Amino acid sequence: MSSLLRGSKKVLFGIGLAGCGAAAALFLGLNDDRKVAKAFSLETYRNEYLSNSPPPSSDLKWDFNWDKRDPAMLVKPLLKGTFRSEIEENNYNEKLEKAKVTANRHLLLIRHGQYNLNGMNDNERVLTQLGRQQALLTGLRLKELALPYSRIVQSTMSRATETAQIISKQLPELSVTSCELLREGAPIPPDPPVSGYRVPSKQYYEDGARIEAAFRRYFHRAKPSQTVDSYDILVCHANVIRYFVCRALQFPPEAWLRFNLHNCSLTWITIRPSGRVVVYTVGDSGHIPRDKMTTS
């Protein structure tokens, strides 16, 4: 019996030593981990990780003359390698100065409100009761912003014109004009493709040219004669707005279907005198309560 007890004590003693060893190893391992974490500072990340594995980049560079309104491109240049009198240089500099832009152009793109999806034609695809509430909330939001708006331009489709009419009641001092180019359509085949979105190739061919024409009409630098910032409100459609955002930022236009917009959301894009484009918001719907937000 005594030998059995002595053997048991040896086994328990061995287990105890093993447990202490494991605990010590775990403690040392935790200490090592803490040391590694401490050593892996932000500076280490910048110096080692980024230098060895730089983030992906593109060879595409921003084209400042994307709207073909760079002042230097609008004035006939002086011939190089020929004698230029002081008068000729002064005349050139004066023309260049007159061609320079000083004002910003702000474009506030509003998607129409929710409408009757069961309508057989455009005349029947009018706003629902909820869509009219959304439009009213958007008008109130624009009134609250109190920006020095220049005008309202509306698509000629029923849901857009009705949305614009409700908004204009909150901004009665603004003129409202219609534009066929802003009508909804399929701008370009999306990439990646979306299984639920399929249209004939002919529609891309027809709609794409029209929507691109709308982009070129409204997206450009201010004229040199414009001395104060302008704020145009364009009431149109989701596909049109998404395409405009991609084109304005010089992103691949095929990416237009990668994001969605709520009904009566606000997208704010600014075009600087230099040709730089700044997006303040895309699809802002913070002015619409959660229970009134819709995408279709």
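Residues numbered from 1 in each chain as written. Predicted model: local features only at pLDDT ≥ 70, side-chain atom pairs only at ≥ 80, totals over all residues. Heavy atoms only, no water.

Q: Kindly report on the overall build of the chain, identifying the contributing residues and their values.
A: Of the regular secondary structure elements, the chain holds eight helices and six strands. In the chain, the succession of α and β elements from N to C terminus is α-α-α-α-β-α-β-α-β-α-β-α-β-β. Of all 296 residues assigned to the chain, the portion counted as buried reaches 38%. For the chain, restricting intrachain contacts to residue pairs at least 6 apart in sequence, the fraction spanning at least 24 positions comes to 74%. Accessible area for the chain stands at about 18,100 Å²; split by element, carbon and sulfur atoms hold 57% of it. (Helix = DSSP H or I, 4+ residues; strand = E, 2+ residues; numbered from the N terminus. Buried < 20%, exposed > 50% of the residue type's maximum accessible area, 1.4 Å probe, protein only. Contact = heavy atoms within 4.5 Å. Areas by Shrake-Rupley, 256 points an atom, 1.4 Å probe, with all protein chains shown as cover.)

Q: Report on the packing of helix α7 (residues 201-218) against helix α8 (residues 238-248), specifying residues and quantitative values.
A: Taken N-terminus to C-terminus, the directions of α7 and α8 make an angle of 60 degrees; their axes are 10 Å apart at the nearest point. Put simply, α7 runs oblique to α8. Considering how the two elements wind past one another, α7 and α8 form a crossing that is right-handed. Listed contacts from α8 to Ile211, Glu212, Ala214 and Phe215 of α7 are Val240, Tyr243, Phe244, Arg247 and Ala248. Residue classes in the contact of α7 with α8 are distributed as seven nonpolar, no polar and two charged. (Axes fitted to C-alpha atoms, helices over the stretch in contact; angles between N-to-C directions. Parallel < 35°, antiparallel > 145°, perpendicular 65-115°, else oblique. Left-handed = near helix turned anticlockwise from the far one by under 90°. Nonpolar A, V, L, I, M, F, W, Y, C, P; charged D, E, K, R; others polar.)

Q: Describe helix α6 (residues 158-168), with residues and values.
A: When you tally the buried positions in α6, you get ten out of eleven residues, the bulk of the element. For α6, the full list of buried residues reads Ser158, Arg159, Ala160, Thr161, Glu162, Thr163, Ala164, Ile166, Ile167 and Ser168. In this structure, the buried side of α6 is in contact with β1 (105-111), α5 (129-145), β2 (151-155), β3 (176-179) and β4 (230-236).

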